[in-house]
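Secondary and tertiary structure notes
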Amino acid sequence: FALVGYDVLSELLLAADSSCFQDSVRKLAERPHPAVLRAVRKLVQLAEGLNREIRIYGERATMDQHLPLLLGLGFRNFVLRPGLLQTTHQSLETLDLDSCERLAEEACRTSSCDELAALMS
């Protein structure tokens, strides 16, 4: 199987740090970003092509703005700390897989965080 560290991957791809004192850098790391989503989609496609299970972990993966996108991109296994299990499970129960897949595909076509945020609102 493959395991994706979503928070770290996002920060490395965007050269951003969620613990940075500058708001603009911190917000860049915390918001969903089209480039990160496209990279994650490619990882899912590669795993599927190799017939390997792919899992994702990271605090950000469970956030309301990220979870439907990741579900729509193909993640079905989330590695979570115990304190997040119940709330994440409840969030997943409220999501429609077809809607998440459509949203994720549209999100991957956006060109900026602002465009992505507008799509999700």
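Above: the structure in question.
Residues numbered from 1 in each chain as written. Predicted model: local features only at pLDDT ≥ 70, side-chain atom pairs only at ≥ 80, totals over all residues. Heavy atoms only, no water.

**Here's the deal with the overall build of the chain**
To keep things clear, this is the line we draw: In DSSP terms, a helix is any run of H or I states spanning at least four residues, a strand is any run of E spanning at least two, and both are numbered starting from the N terminus. Note that the radius of gyration is over C-alpha atoms, with the globule rule given as 2.2 Å times the number of residues to the power 0.38. Burial status follows relative accessibility: with a 1.4 Å probe on protein chains alone, a residue under 20% of its type maximum counts as buried, one over 50% as exposed, and anything between as partly exposed. Every residue pair with non-hydrogen atoms within 4.5 Å of one another is taken to be in contact. Accessible areas in this description were obtained via Shrake-Rupley with a 1.4 Å probe; residue shielding takes into account the shown protein chains only. This count recognises Lys and Arg as positive and Asp and Glu as negative, with His and chain-terminal groups excluded. Taken as the charge location is NZ of Lys, CZ of Arg, CG of Asp or CD of Glu.
Within the chain, the secondary structure is distributed over seven helices and three strands. Each helix and strand of the chain, placed in order from N terminus to C terminus, yields the pattern β-α-α-α-β-α-β-α-α-α. Here the C-alpha atoms of the chain give a radius of gyration of 14 Å, agreeing with the 14 Å that 2.2 N^0.38 yields for 121 residues. With the principal axes as the frame, the chain shows a C-alpha extent of 40 × 30 × 30 Å. When the 121 residues of the chain are sorted by exposure, 37% land in the buried category. At a minimum sequence separation of 6, the contacts of the chain that also span at least 24 residues come to 66%. Counting every atom, the chain has about 7100 Å² of accessible surface; 52% of that belongs to carbon and sulfur. The centroid of the 13 positive side-chain charges in the chain is displaced by 4 Å from the centroid of its 17 negative side-chain charges.

**Comments concerning the environment of Q65**
As for its position among the elements, Q65 is in the loop between β2 (54–57) and α4 (67–73). For the pair Q65 and M120, spaced 55 residues apart in sequence, the C-alpha to C-alpha distance is 7.9 Å. Sequence-distant contacts of Q65, defined by excluding residues within four places in its chain, comprise E30, P32 and M120.

**A word on the environment of D114**
Assignment of secondary structure puts D114 in helix α7 (residues 113–120). Placed 83 residues apart in sequence, D114 and R31 show a C-alpha to C-alpha distance of 9.6 Å.

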